[in-house]
Amino acid sequence: MKRRAYLWIIILLSLISIFAAGCHSYKDSKQEIGEGAVMQEDGTDVQTGIKTAKGRYREEKVSFPRAIKSIFDVACKENGNVKVLFESEPGSFFFYESMDYGLSWEQKEMGKEWLPENYRVVSACFGAEGDIAVSAGKMSEDPLDEKHPVGEYSYFKIDDAEGDAKAEQLSLQLPEPTETNLESGYGLKQILLADDGKLYGMMTAAEGEQISFQIICFETDNGKVLWDLDTGAAEISLFKDKVYLNEYKGKIKTLDAKTGAQLGELSIPLGNNFLWCMDIDAKKDKIFYCNETGIYGTDSKEALSELLVDGKLSRFSDETYNVKGFFSVSESVFLVFVQAFPGAEMEVLRYEYDADLPTMPEHELVVYSLKENSVIEKIISDFQLAHPQVFVRYEVGMSDSSVKDETDAISSLNTEIMAGNGPDVLILNGLPWDSYQKKGMLENLRGGLDAYIEQDKVFENLFSAYQSDGSQYVIPISFKFPVLIGKEEAVSDVNSSEELLKTAEDTGDLPPFFRKNQALLRYMFSIYWQRIEKEGQISEQELKAVLEHVKQINDVLQRKENEVSQFFTGDEERDKNYDLFAKDNWLDVWNIKYGNVAMDLGYLSCLKDFADICSQNLSYQTISDGVFSALIAGINKESKKIEIAEKFLTFALSDEEQKIFMDGMYMVIMGFPVNKTAFENMVTQALQSETQEQGKGAVNLEENFVWPEHEDFEQLEKKIVSLDTPAMEDNIIMNTILENAVPYLSGEKEIDVTVNEIIQSIELYLLER
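Sequence order as written defines residue numbering, which begins from 1 separately in each chain. Owing to the predicted nature of the model, reporting of local features is limited to residues with pLDDT of at least 70; listing and counting of side-chain atom pairs is limited to 80 or more, with chain, interface and lining totals taken over all residues. Computation of side-chain values: all heavy atoms of the structure, hydrogens and water removed.

K.L.:
What am I meant to see in the packing of aromatic side chains here?
P.N.:
A ring pair, where both rings are aromatic, is described by two values, the distance of the centres and the angle of the planes. Geometry of aromatic contacts follows a simple scheme: Phe, Tyr and Trp rings, the Trp one being its six-membered ring, pair when their centres are within 6.5 Å, and the pair is stacked under 30 degrees between planes, edge-to-face over 60, tilted otherwise. Evaluated as defined, the whole model comprises 32 aromatic pairs. Each ring, one from Tyr-523 and one from Tyr-603, has its centre 5.6 Å from the other, and the planes form 75°; the classification is edge-to-face. With Tyr-523 in helix α10 (residues 517-532) and Tyr-603 in strand β35 (residues 600-604), this pair connects stretches of sequence that are 80 residues apart. Here Tyr-523 and Tyr-603 have matching classes, each one buried. By the ring-pair criterion, three or more aromatic residues cluster together here, those being Tyr-57, Phe-288, Phe-326, Phe-334 and Tyr-353. Both a distance and an angle decide whether a charge sits over a ring: NZ of Lys or CZ of Arg must be within 6 Å of the ring centre and within 35 degrees of the ring normal. Stacked on the ring of Tyr-603, the Lys or Arg Lys-480 has its end atom at 4.5 Å from the ring centre. Secondary structure elements follow DSSP: runs of H or I no shorter than four residues count as helices, runs of E no shorter than two count as strands, and numbering proceeds from the N terminus. For every residue, the accessible area obtained with a 1.4 Å probe (protein chains only) is divided by the maximum for its type, and the residue is called buried under 20%, exposed over 50%, and partly exposed between those limits.

Next comes the structure, spelled out in structure tokens:
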């Protein structure tokens, strides 16, 4: 009731704002939107008579011609001229320019003769008249250092970066470094060039575990220090005659660029971001900044702040991204550079004010998941970019403060659905999807998704695993499957809990793997549940067998513990937001490689793990034939927006969107694509950039790295097409097992008592479900 009341308040406020605005809608004289809505020339909906307020920033992804891994500086002029200095690979240094407010880019010629061999740019910036200042350090030869700049840095000024560039080395009057200073790099980690030629830098010097920080202002011609200021860990930026100092204490200090004297403070709420998320138009006394909630504009006195771009409608607020650069090209155009993880290729997002774009999308789609899921957030973000007329609201059941546990959240969801007020798209992981399917609560997707399901565009076996009486109420978006990895002779015959126990006992003195206690229980019951539950009945014999095997394996793990395995207690407290699909992903080849464990147990869920297994001459064995886990979705049959919901799921299955499972975002986006084209591209392209990077890393570490052969991928695909049984991920069942079985593992409870308690609780739940 509380949620419904809240929704009515939101709807009422929305209607009030719409009537009060009284503005136009789309610029087209007549445009059909979604479910038959027709807009007239004055922006009035034919059916409702409501006029839609206009004017917001349109988001688009810019196709940048070269991979950007690190941004040094971006300079914007009022005429739409934008310049950017960046690094693609360690030791590279590029200058690109746009003459159309960041829409298209071309490389500018800039020789690198001035950059010493094996040096890497640490920091670079634009000055007046196209001048560029650079701080550079020698790349480390230590393979674990990832080519970080070390030693004493060198400084350069490039007078004209147009073809015939003239570079001069600067002699800045810095204190002489000690030997320990040079180990991690000694010099200006940030360098800024003012229009009057003065140079500013953030000096860092490491002495053992102590690091000192100092802001220094230099005269460029002679390198003389004009003023300096000691500080703690900090960063600086420069706009006209002011230096802005962020000491990560919630306030940004404003310093006089001529003297270093403090002029005042700003309370710009950058959140977890840094000064690269703030830009200033000193002429117009405008400050622009972005954080996870949006892009804002204010003045130097912060008297009035205005939300310009709503974070809920923008990709930069997606948790899979880190903002690495925010720049105001003009008051109506912003550029945001985002990165999935350090070293990944950046994406360039462009926001331009469009007076004809409705202030809020005409349609709202509600996507629900029981637990928070990064993959869903990514798909929502991408879908909104492709469909600006739709606002997607993401609801997470367990994030409601009034919800105590999964049972409470599911009960609340069911009440909403039965009342006709439920979400449109349901992410079914952790929900009783089979029950929803049988009770007719889900829309049949065969009609809307025929192109994918029936035309061999997806792995049909993964979809048929969720079919009921020829209908498709549940679809998988990505998948993974449980494996045991290790030397072929050790893992080749393991496909049951009995054989897993025997293998664990035969591993000599090494721990078999690190997964134990609750983590082991969760894993084993998820993949062996199909043997325990048969046609709604719980097999006491099978339940008892799995429990006994888990305890025996757990006892083996405790006997064979070593210093490394003690860190992996497996006794983690059950987080109410624990998402089985999202969390149980990791396989660690390197723990086997370096002799910490004999094998590893987990879900094979990404190309990187598969490549590591093949490269280290290990084997993988599916330990429960045909079982797989998938990110699954369905549509609420009572939804009033089924057509848009189908578009959302179609988008999630598309060739383009399924690339998120193979484009290097594996730190957050896990799972193999269900789309065959995406999977085949993953294999045939062999992700050349990733191959090269892993190959280079292996050489640096004096390891061999070999990309999987075509035969390896063929074997992988054979495993995939044999998958036919979804793993059990009902959180209520899993929590019941964990609560009752953990005391059995520790010897506090007898097996028969444990089995009886579990069966009674689960059978009652299944009956009520």
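So, next bit.
K.L.:
I would appreciate a short explanation of the sheet that holds strand β26 (residues 347-358) in the present structure.
P.N.:
Two modes of strand pairing occur in sheets, parallel and antiparallel, and in both the strands are linked by backbone hydrogen bonds. Strand pairing is assigned whenever DSSP identifies at least 2 bridges connecting the two strands. The strand order across the open sheet formed by four strands is β3-β26-β25-β24, and the pairing between neighbours is antiparallel. On the outer flanks of this sheet lie β3 (54-62) and β24 (322-330), each paired with one strand and no other. Ignoring strand direction, the axes of neighbouring strands in this sheet form an average angle of 25°. Summarising the sheet, strand β25 (residues 333-339) and β26 pair through six bridges and their orientation is antiparallel. Considered in β26, the bridge of Val-336 is made with Leu-349. Only the contacting stretch of a helix is used when fitting its axis, a line to C-alpha atoms as for every element, and angles between N-to-C directions run 0 to 180 degrees.

K.L.:
Explain a negative patch on the surface here, please?
P.N.:
A patch consists of residues exposed above 30% relative accessible area that lack any salt bridge, with like charges linked at up to 9 Å and nonpolar side chains (Val, Leu, Ile, Met, Phe, Trp, Tyr) linked at up to 5 Å. Under the convention used here, a 1.4 Å probe and the Shrake-Rupley method define accessible areas, while residue burial counts only the protein chains that appear. Every case where a carboxyl oxygen of Asp or Glu lies within 4 Å of a side-chain nitrogen of Lys or Arg is listed as a salt bridge. The sign given to each residue is positive for Lys and Arg and negative for Asp and Glu; His and the chain ends receive no count. Charge positions come from single atoms, namely NZ of Lys, CZ of Arg, CG of Asp or CD of Glu. Together, Glu-680, Glu-709, Glu-711, Glu-714 and Glu-717 make up a negatively charged patch on the protein surface. Residue contributions to the negative patch peak at three residues, all from helix α18 (residues 710-721). Counting through the fold element by element, Glu-711 comes out in helix α18.

K.L.:
Just checking my understanding: could you explain the sheet that holds strand β20 (residues 278-281) for this structure?
P.N.:
In spatial order, the strands read β20-β21-β22-β23; together these four strands make up an open sheet with antiparallel pairing. Looking at strand neighbours, the two that pair on one side only are β20 and β23 (306-310), the edges of this open sheet. The average undirected angle you get between the axes of adjacent strands in this sheet is 20°. In this sheet, strand β22 (residues 294-298) lies alongside strand β21 (residues 286-291) in antiparallel orientation, the contact comprising five bridges. Counted as the bridge partner of Tyr-289 is Tyr-296 from β22.

K.L.:
What is the right way to read helix α19 (residues 731-745) from this model?
P.N.:
What sets the pattern is the α-helix's 3.6 residues per turn: residues three or four places apart point alike. In this model α19 runs 20 Å from its N-terminal to its C-terminal C-alpha over 15 residues, within 8% of the 21 Å that 1.5 Å per residue would give. Glu-739 marks the point of greatest bend in α19, at about 25°, and the proline Pro-743 comes within the next four residues. Within α19, 13 of the 15 residues are buried, leaving the element largely enclosed by the surrounding structure. Put simply, Asp-730 is the residue that caps the front of α19, since its side-chain oxygen is 3.0 Å from the backbone nitrogen of Ile-732. Two residues or fewer past α19, Gly-747 is found with a positive phi of approximately 85°. Here the expected length of a helix is defined as 1.5 Å per residue gap, with one fewer gap than residues. Values of bend correspond, residue by residue, to the angle between axes fitted over the seven residues ending at that residue and the seven starting there. Polar contacts, as used here, are pairs of N or O atoms within 3.5 Å; protein pairs need one atom able to donate a hydrogen and one able to accept it. Residues neighboring in sequence count only if both atoms are side-chain atoms.

K.L.:
Explanation requested: the packing of α10 against α19 in the structure shown.
P.N.:
Packed helix pairs are characterised by how far apart their axes lie and by the angle those axes make with each other. Look at α10 against α19: their axes get within 10 Å of each other, and the N-to-C directions meet at 130°. Regarding the angle of α10 to α19, the classification is oblique. Of the two possible hands of crossing, α10 and α19 adopt the one that is right-handed. Here Asn-517, Gln-518, Leu-521, Arg-522, Phe-525, Ser-526 and Trp-529 of α10 lie close against α19, whose contacting residues are Ile-733, Met-734, Ile-737, Leu-738, Ala-741, Val-742 and Leu-745. In terms of residue class, the contact of α10 with α19 is built from ten nonpolar, three polar and one charged. Note on angle classes: values under 35 degrees are labelled roughly parallel, values over 145 roughly antiparallel, values of 65 to 115 roughly perpendicular, and the remainder oblique. Should the near helix be turned anticlockwise from the far one by less than a right angle, the crossing is left-handed, and should it be turned clockwise, the crossing is right-handed. Here a residue-residue contact requires only that any non-hydrogen atoms of the pair lie within 4.5 Å. Each residue is assigned to one of three groups, with Ala, Val, Leu, Ile, Met, Phe, Trp, Tyr, Cys and Pro labelled nonpolar, Asp, Glu, Lys and Arg labelled charged, and all others, Gly among them, labelled polar.

K.L.:
Would you take a moment to explain the side chain of Asn-181 for this structure?
P.N.:
With respect to the helices and strands, the residue Asn-181 is situated in helix α2 (residues 179-183). Looking at Asn-181, the relative accessible area reads 5%, which means it is buried. Separated by 2.8 Å, the side chain of Asn-181 and the backbone nitrogen of Thr-178 make a polar contact. Here Asn-181 is in contact with Tyr-186, Ala-205, Ala-206 and Glu-207, once residues within four sequence places are set aside.

K.L.:
How should the nonpolar core be read in this particular structure?
P.N.:
One broad rule of soluble globular proteins: the nonpolar side chains tend to lie buried together. Throughout this description, the term nonpolar core refers to a set of buried Ala, Val, Leu, Ile, Met, Phe, Trp, Tyr and Cys residues connected via side-chain atoms within 4.5 Å. If you look at the biggest cluster of nonpolar residues, it comprises 129 residues, and the most contacted ones within it are Phe-479, Phe-481, Phe-525 and Leu-604. It is α10 that contributes the most residues to this core, nine residues altogether. Core analysis: the next-biggest nonpolar cluster, separate from the first, contains 28 residues, Phe-239, Leu-308, Val-323 and Tyr-351 among them.

K.L.:
Would you mind going over the pattern of salt bridges with me for this structure?
P.N.:
Any two side chains of opposite charge can pair if their charged atoms end up close together. Tallied over the entire structure, the rule returns 29 salt bridges. The salt bridge partner of Lys-69 is Glu-89, with a shortest N-O separation of 3.3 Å. Here the residue Lys-69 occupies a position in the loop between β3 and β4 (70-76), and Glu-89 occupies one in the loop between β5 (82-87) and β6 (94-98), the gap between them amounting to 20 residues. Look at Glu-89 and you get partly exposed, because its relative accessible area is 29%. A salt bridge links Lys-240 to Asp-195; the shortest N-O distance between them is 3.6 Å. One end of the pair, Lys-240, is in the loop between β16 (235-239) and β17 (242-246); the other, Asp-195, is in the loop between β12 (187-193) and β13 (199-207), with 45 residues separating them in the sequence. Within this structure, Lys-61, Arg-315, Glu-347, Lys-378 and Asp-382 form a network of salt bridges that share partners.

K.L.:
Sorry if this is basic, but what is going on with helix α11 (residues 540-559) here?
P.N.:
Over its 20 residues, α11 runs 29 Å from end to end, which matches the ideal 28 Å to within 8%, given 1.5 Å per residue. For α11, every residue scored as buried is listed here: Leu-543, Val-546, Leu-547, His-549, Val-550, Lys-551, Ile-553, Asn-554, Val-556 and Leu-557. Tucked into the core, α11 has its buried residues touching α9 (497-505), α10, β34 (537-538), α19 and α20 (751-768).

K.L.:
Where do I start with unusual backbone geometry in this structure?
P.N.:
With the exception of glycine, the majority of residues adopt a negative phi angle, and the majority of peptide bonds are in the trans configuration. Within the chain, Asp-469 stands out as a residue other than glycine whose phi angle is a positive 55°. By the secondary structure assignment, Asp-469 is in the loop between β30 (467-468) and β31 (471-472). Residue Asp-469 is classed as exposed on the basis of its relative accessible area, which comes to 81%. Even without glycine at this site, Asn-517 takes up a positive phi of about 50°. Among the structural elements, Asn-517 can be located in helix α10. When its relative accessible area of 11% is taken as the criterion, Asn-517 is described as buried.

K.L.:
Looking at this structure, I do not really get the environment of Leu-349. What am I missing?
P.N.:
By secondary structure assignment, the location of Leu-349 is in strand β26. Judged by its relative accessible area of 0%, Leu-349 falls in the buried class. A C-alpha to C-alpha distance of 5.1 Å links Leu-349 and Val-336, two positions 13 residues apart in sequence.

K.L.:
Can you walk me through the state of the cysteines in this structure?
P.N.:
Here, disulfide denotes a covalent bond that connects the sulfur atoms of two cysteines. Any two cysteine sulfur atoms lying within 2.5 Å of each other are counted as a disulfide. By the definition in use, this model includes zero disulfides. Of the cysteine sulfurs around Cys-290, a residue in no disulfide, the closest is that of Cys-277, at 4.2 Å. A relative accessible area of 0% places Cys-290 in the buried class.

K.L.:
Even after reading the chapter, I still don't get the packing of α19 against α20, so can you show me in this structure?
P.N.:
The N-to-C vectors of α19 and α20 enclose an angle of 165°; their axes lie 9 Å apart at closest approach. On the basis of the axis angle, α19 is roughly antiparallel to α20. As for the relative orientation of α19 and α20, their crossing is right-handed in sense. Between α19 and α20, the residues in contact are Ile-732, Ile-733, Thr-736, Ile-737, Asn-740, Ala-741 and Tyr-744 and Ile-751, Thr-754, Glu-757, Ile-758, Ser-761, Ile-762, Tyr-765 and Leu-766, respectively. Along the lines of polarity and charge, the residues of the contact of α19 with α20 split into ten nonpolar, four polar and one charged.

K.L.:
It is not clear to me how the pairing of strand β28 (residues 390-396) should be interpreted in this structure. Could you clarify?
P.N.:
Successive side chains on a regular strand alternate, one facing one side of the sheet and the next facing the other. Of all seven residues that make up β28, five are buried, and the element is covered over most of its length. In this structure, strand β27 (residues 363-369) lies alongside β28, joined through seven bridges in parallel fashion. Looking at β28, one finds that Glu-364 is bridged to Phe-391. Look down the strands so they point away from you; if going from the first strand over the helix to the second traces a clockwise path, that crossover is right-handed. Taken together, β27, helix α3 (residues 374-386) and β28 constitute a β-α-β crossover, and its handedness is right-handed.

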